[in-house]
Amino acid sequence: MAADGSLAVSDASGVSRGSANTMQRFARRRSTIAFVMTLPLLVVIVGLVAYPAVYAIYLSTLNRRMTEFAGLLNFELLFESDTFWNVAFQSCFFAITAVLLKASIGFWLAHMLHHIPNKGQRKWRGMLLVPWVIPPALSTLGWWWMFDPSYSSINWLLAVISVPEVPWLGHHWWARIAIIMVNVWIGTPFFMIMYLAALKSVPEQLYEAAAIDGASSWQRLRYVTLPMMANIISITVLFSLIVTFANYDIVRVLTNGGPRDLTHVFASYAFQVGILSGNIPRGAAVSLFMFPILAICAFFVLRSVTRRNKEQM
Amino acid sequence: MSATAAEPGAPGIYHKAGSLSRERRWALWTAYASLTVAAIIFLAPPFYMLITSFKTSAEVAGMTGNPWLVRDPTLENYWAILANPMFARFMLNSIIITACVVALTMVISILAAFALARMRFFGSQVLATGVFLTYLVPDTLLFIPLYQIVGGLGLLNSIWGLILVYPTLTVPFCTWIMIGYFASIPKELDEAALIDGATWPQMLLKIFIPVALPGIIAATIFAFTVSWAAFVYPTAFVTTPDQMPLTIGVVSQLVRADTFAWGQIMAGALMAALPPVIIYAFLMDYYIAGLTAGATKG
Amino acid sequence: MAEVSLRKIIKAYEGGVQAVKGIDLEIDDHEFVVLVGPSGCGKSTTLRMIAGLEEITGGDIAIGGTIVNDIPPRDRDIAMVFQNYALYPHMSVYENMAFGLTLRKFPKAEIDKRVKNAAEILDITPLLERKPKALSGGQRQRVAMGRAIVRNPKVFLFDEPLSNLDAKLRVQMRTEIKKVHQRVKTTTIYVTHDQVEAMTLADRVVVMNHGIIEQVGPPQELYHSPATKFVAGFIGSPAMNFFPARLEEASGALRLHLPQDIVLEVPEARAARYRSYAGKQVLFGIRPEHLTDDKPTDKTNPAPLTLTPEVIEPMGMETLAHFKIDGAEISARLDPETPARAGEPLRLIAHMDQMHLIDPTTDKVI
């Protein structure tokens, strides 16, 4: 046994040797492999998202026939048109109302679902998620038929309780409400399921501790549940704000912008102007208006997500 | 103890216990009532679609009586839609597109997520954030420039053009949740594999993919449902029925064909919606895991 | 089977923080060496550098005479047991143990023979078809060891393998590991923060602190002649007592002057060793087991002192008494029959032939 009880005196001179050793080469090769593995992802992100986003800005500065640079002309023309301002109003009105409704109904349902015995939850959850599962364009088609002016099944039900016939898609305010209804119908299950997951992640002991401290059920909600869920609520709301603001399917199927272009949102109006009327630069300009709001939401989502990650570490 | 909190004159502790259980019963009753109302509203539209799909054209055209009832149920709408070569074409297109996009998405996102979760390299952190940001960019912001780009490649009005652009919908989210799943695998597991003699590809194939299988299933389901339901891109890029997937096909072509063919339209829409619903019915837990993974894992 | 040698090993992280500050260590073939130290002392980093999981910033590591600095882990012919076992959750116990051999393309029959043999040694044959999820902590630990044994590597590396087990199982598995080593005799490097584990398992213990080796030696040597204050305080439980003291020479005899006017006589045998420190401030160290109650003893050089215990802890086979002298926590091991009571003065005996003196300027044992 080479029992050298001697002390190994440290010489703290961390001289890294000049020769590039193979471990380093191994590490370098590892990052090469890693880069190759992420290359397809980069192609998608850069080629199909980042580049088009920048390209959209370029497109929006061209004249109608895309032959020459037109500066901010497209934006100026948009600002002068009433239709555009209607679109801007309708987009914001639609997104904010729909998200608020989805968030509150979703929260309520998640809470109710959380309160019933565990073994029943699966069944209810399964039923309540159905609207989210059907492709939106197809379920909206069903709604369209339910709103049918001459044979509306909803109006028939309303007639049973003696409510006069509603011109669902005929009048622009009713059409706006109809669009919000459909969006809430589709999107609420998502909120519900997210909040349910969040509710389940709150440790039961916290409620027990709060109950022993004398908190009423409302106080438990206010001082335990909401703070614990604050982050996930903000993530879900902001994320939904983005998606709802950029919604296209419902407006396209339900009203196609009508009546009199009063239910257009940015996405459907951009589509109408850019693709259907063939004015690509103007359409690009319209769609770009979604960008600032989306960027703000994205910023806050990212902040919440990073904060959440930090908490979990 | 609780007697002091009870209302004056209440017979002490027993009364309190009774009120507690009554409170709980009330809460339960409210819960069931809310859920029942919600379930009725949530299930009414698909139910009405189903009812309509069983109605004869004559009954739909009649427009009288209770619309929620069907007088003489028929399957003729289903036979008609199944015999319609256009519908078969939509279905085939949807299947081709979805299969390609799902395969493409999973390969891209598993490879990238493995690299991003485990092989730290220059800029990997920035890229991971970039993936998340990309996920937040909606398709309606991109379809006009993509229209130009796809057009430039000569892929407008072709399912291949759709296969090219659909990954923008699926890849960021799938990569994001796969990073989460891979990151949750303990680091010692790959060190053990490294010492056991595994190379990087072996580690991915024999350790990471099997261990993260639930995550991969969740991501696959997500990619499937998203590309099956995609609407903006096919609406923008495809104009002839022979290249249309189901969503836009049913919405544009069937509706255009005959304004009174509501039974057929609903039958078509329901059948088009069937694959995601079936997957949901059988793999609900994975479906929900994928849905909530973005926020709970990330 | 092989010897392992570390020469001037340095591990530095970006930003210049050094986790391991140039250590030298020679490990013989078949030897069981335990690296022990508090968390953050660099012991795990050292082990991971030997495994090839961490890059070496400076120095050389040789296994079986070959310098392995640049060799990836899979080609170093080592096996490692991790703290959380790192069993592949999707594979059965059999597949877990066979995985390393399968990757190395061993013939099926050979793999089978080795796995069965290792399972035999570890007494896990009935578990071979189970998944790790269905195993208890101790069983997982055995499987992790089995995975190492089947490879028949040059060196076994253990990274705190018992930390996740409960106290009882830990003692049991400790014995198990020792038995396995006596049977397969593979050179073993074992990392732990638990000095009892280190003492019971090791042929030689390496005590590390702040990225350097404080002392290397067989367990008994570390216990009886620690080289530094750190080793003296780290090895042994409860830890050694330290008193600030002044060494005075009076008429040829050395005396230690402790706080509270306690004076202890230094045995003559030690006088020559300590004489040069006469008149200086030193640190007097004595283990609790050498600070006992006053009763007839065959030990030489008993020195009496009287202290007032703050807390008395009866343990059954012995009783611990805790004192406070000038803020320093002191403990003594008493006979369980001693009628000691907290707050009442107690006469103690210091066994001065087991004393240690530490130079407070260098923290070395004199």
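The structure displayed is predicted, hence computed values, not measured ones.

S.K.: Kindly report on the overall build of chain A, identifying the contributing residues and their values.
M.R.: Across its full length, chain A holds 14 helices and zero strands. Reading the helices (α) and strands (β) of chain A from amino to carboxyl end gives α-α-α-α-α-α-α-α-α-α-α-α-α-α. Burial statistics for chain A: of 313 residues in total, 42% are counted as buried. Residue pairs in contact within chain A that sit at least 24 positions apart in sequence constitute 67% of those at least 6 positions apart.

S.K.: Summarise the overall build of chain B; cite the residues concerned and give the values.
M.R.: Check the secondary structure of chain B and you find 15 helices and zero strands. Sequence-distant contacts in chain B: of pairs separated by 6 or more residues, those separated by 24 or more amount to 76%.

S.K.: Can you lay out the packing of helix α2 (residues 73-80) of chain A against helix α13 (residues 280-288) of chain A for me, pointing to particular residues and giving the numbers?
M.R.: All names here are of chain A. At a closest axis distance of 9 Å, the pairing of α2 and α13 adopts a crossing angle of 70°. If you check the angle between α2 and α13, you find them roughly perpendicular. As for how α2 packs across α13, the hand of that crossing is right-handed. On the side of α2, the interface is formed by Asn74, Phe75 and Leu78, while α13 contributes Pro281, Arg282, Ala285 and Val286.

S.K.: Can you tell me about the interface of chain B and chain A, naming the residues and giving the values?
M.R.: Taken together, the 77 residues of chain B in the interface contact 75 residues of chain A. Among the elements that take part in the side of chain B that touches chain A, helix α1 (residues 12-53) of chain B stands out by supplying 15 residues, more than any other. Across the side of chain B that touches chain A, the residue classes tally to 63 nonpolar, 14 polar and no charged.

S.K.: Can you tell me about the environment of Pro136(A), naming the residues and giving the values?
M.R.: With respect to the helices, strands and loops of the structure, Pro136(A) is situated in helix α6 (residues 136-146). Considering only alpha carbons, one finds Pro136(A) and Gly214(A), 78 residues apart in sequence, at a separation of 46 Å. Excluding anything up to four places from it in sequence, Pro136(A) contacts Ile186(A), Asp249(A), Ile250(A), Ala229(B) and Phe231(B).

S.K.: Go over the domain arrangement of chain B with me, naming the residues and quoting the values.
M.R.: All names here are of chain B. Each assigned domain of chain B is listed with its residue range as follows: domain 1 (2-53) and domain 2 (76-296). Spacing between the C-alpha centres of domain 1 and domain 2 amounts to 40 Å. Along the lines of polarity and charge, the residues of the side of domain 1 that touches domain 2 split into two nonpolar, two polar and no charged.

S.K.: If you had to explain the sheet that holds strand β4 (residues 58-63) of chain C to someone new, which residues and values would you point to?
M.R.: Residues and elements named next belong to chain C. Ordered in space as β2-β1-β4-β5, the four strands form an open sheet in which the pairing is antiparallel. Single-partner strands in this sheet number two, and they are β2 (18-27) and β5 (66-67). Sheet topology note: the strand β1 (residues 4-12)/β4 ladder contains five bridges and is antiparallel. Residue pairing in the sheet places Leu6 in a bridge with Ile61 of β4. Lying on the sheet, helix α1 (residues 43-51) is in contact with β1, β2 and β4; it crosses β1 at an angle near 115°.

S.K.: Explain the pairing of strand β19 (residues 328-334) of chain C to me, and be specific about the residues and the numbers.
M.R.: All names here are of chain C. Pairing geometry for strand β18 (residues 319-325) and β19, over seven bridges, is antiparallel. Along β19, the bridge assignment pairs Phe323 with Ile330. Linking β18 back to β19 in an antiparallel pair, the connection comprises two residues, with Asp326 at a positive phi of about 50°.

S.K.: Any chance you could break down the sheet that holds β19(C) for me, citing the residues and the numbers?
M.R.: Residue and element names in this part refer to chain C. Pairing in this open sheet of three strands is antiparallel, and the strands run β17-β18-β19 from one edge to the other. For this open sheet the edge positions go to β17 (311-314) and β19, each flanked by a neighbour on one side alone. Taking each pair of neighbouring strands and ignoring which way they run, the sheet shows an average axis angle of 20°. Both β17 and β18 contribute to a ladder of four bridges, which runs antiparallel. Each bridged residue has a counterpart across the sheet, and for Glu313 the counterpart in β18 is Leu320.

S.K.: Which residues make up helix α12 (residues 266-276) of chain A, and what values do they have?
M.R.: Residue and element names in this part refer to chain A. Within α12, nine of the 11 residues are buried, leaving the element largely enclosed by the surrounding structure. Among the residues making up α12, those that are buried are Phe266, Ala267, Ser268, Tyr269, Ala270, Phe271, Gln272, Val273 and Gly274. Among the residues trailing α12, Gly278 stands out with phi positive, at a value near 75°.

S.K.: Now, about unusual backbone geometry: what can you tell me, with residues and values included?
M.R.: All names here are of chain C. Going from Ser237 to Pro238, the amide bond is cis rather than trans, its omega being -5°. Counting through the fold element by element, Pro238 comes out in the loop between α8 (229-234) and β11 (241-250). A positive phi angle, close to 60°, is found at Asp363, a residue other than glycine. Mapped onto the fold, Asp363 is located in the loop between β21 (356-359) and β22 (364-365).

S.K.: Go over the environment of His351(C) with me, naming the residues and quoting the values.
M.R.: Residues and elements named next belong to chain C. Mapped onto the elements, His351 comes out in strand β20 (residues 346-351). Owing to 19 C-beta atoms within 10 Å, His351 belongs among the partly exposed residues under this scheme. When the C-alpha atoms of His351 and Leu264 are compared, they prove to be 10 Å apart, with 87 residues separating the residues in sequence.

S.K.: Quick one: what's the story with the confidence of the model for chain A, residue by residue and with numbers?
M.R.: On average, residues of chain A carry a pLDDT of 83, and 89% of them reach 70 or more. Within the model, pLDDT remains below 50 along residues 1-20 of chain A, and this stretch shows 37 contacts once partners closer than five positions in the same chain are excluded.

S.K.: Tell me about helix α6 (residues 139-152) of chain B, and please be specific about residues and values.
M.R.: All names here are of chain B. With 14 residues, α6 should reach 20 Å at 1.5 Å per residue; the first-to-last C-alpha distance of 19 Å fits that figure. If you look at α6, its biggest bend is around 40°, right at Pro145. Looking only at α6, the buried set comprises Asp139, Thr140, Leu141, Leu142, Phe143, Ile144, Pro145, Leu146, Tyr147 and Val150. Immediately beyond the C-terminal end of α6, within one or two residues, lies Gly154, with a positive phi of roughly 75°.

S.K.: Tell me about the pairing of strand β13 (residues 262-265) of chain C, residues and numbers included.
M.R.: All names here are of chain C. The sheet contact formed by strand β12 (residues 253-258) and β13 spans four bridges and is antiparallel. Its bridge partner lying in β13, Arg255 is registered against Glu265. Counted along the chain from β12 to the antiparallel partner β13, the turn is three residues long, and its residue Gln260 has a positive phi close to 60°.

S.K.: A description of the packing of α13(A) against α6(B) should follow, citing residues and the corresponding values.
M.R.: Taken N-terminus to C-terminus, the directions of α13(A) and α6(B) make an angle of 155°; their axes are 8 Å apart at the nearest point. With respect to each other, α13(A) and α6(B) are oriented roughly antiparallel. For α13(A) against α6(B), the interelement crossing comes out left-handed. Contacts from Ile280(A), Gly283(A), Ala284(A) and Ser287(A) of α13(A) reach α6(B) at Thr140(B), Leu141(B), Ile144(B), Pro145(B) and Gln148(B).

S.K.: Can you break down the confidence of the model for chain B residue by residue, with the values?
M.R.: A residue-level look at chain B finds 90% of positions with pLDDT of 70 or above and a mean pLDDT of 85. Model confidence for the complex is summarised by a pTM of 0.83, with the ipTM given as 0.86.

S.K.: Help me get a handle on the environment of Ala31(B), residues and values and all.
M.R.: Looking at the secondary structure, you find Ala31(B) in helix α1. Residue Ala31(B) is classed as buried on the basis of its 20 C-beta neighbours within 10 Å. In contact with Ala31(B), other than residues within four places in its own chain, are Met112(A), His115(A) and Ile116(A).

Rules behind the numbers
- Here the residue numbers are simple positions, counted from 1 along each chain's written sequence.
- By the order in which they are written, chains take letters starting at A while ligands take numbers starting at 1.
- Owing to the predicted nature of the model, reporting of local features is limited to residues with pLDDT of at least 70; listing and counting of side-chain atom pairs is limited to 80 or more, with chain, interface and lining totals taken over all residues.
- Counting from the N terminus, the helices are the DSSP runs of H or I reaching at least four residues and the strands are the DSSP runs of E reaching at least two.
- For the exposure call, what matters is how many other C-beta atoms sit within 10 Å of a residue's own: 20 or more marks it buried, 12 or fewer exposed, and in between partly exposed, using C-beta atoms placed from the backbone.
- C-beta atoms are placed from the backbone for every residue, and two residues are taken to be in contact when these atoms lie within 7 Å.
- Geometry is summarised by axes, namely lines fitted to C-alpha atoms with helices restricted to the contacting stretch, and by angles between N-to-C directions that run from 0 to 180 degrees.
- An angle below 35 degrees is read as roughly parallel, one above 145 as roughly antiparallel, one from 65 to 115 as roughly perpendicular, and any other as oblique.
- When the near helix sits turned anticlockwise from the far one by under a right angle, the crossing is termed left-handed; a clockwise turn instead gives a right-handed crossing.
- Charged residues are taken to be Asp, Glu, Lys and Arg, nonpolar residues to be Ala, Val, Leu, Ile, Met, Phe, Trp, Tyr, Cys and Pro, and polar residues to be all remaining types, Gly included.
- What marks off one domain from the next here is an automatic or database domain assignment.
- For two strands to count as paired, DSSP must find a minimum of two bridges between them.
- What pLDDT reports is the predictor's confidence in each residue, on a scale of 0 through 100.
- Working rule for helices: expected span equals 1.5 Å times residues minus one.
- To get the bend at a residue, fit one axis to the 7 residues ending there and another to the 7 starting there, then take the angle between the axes.

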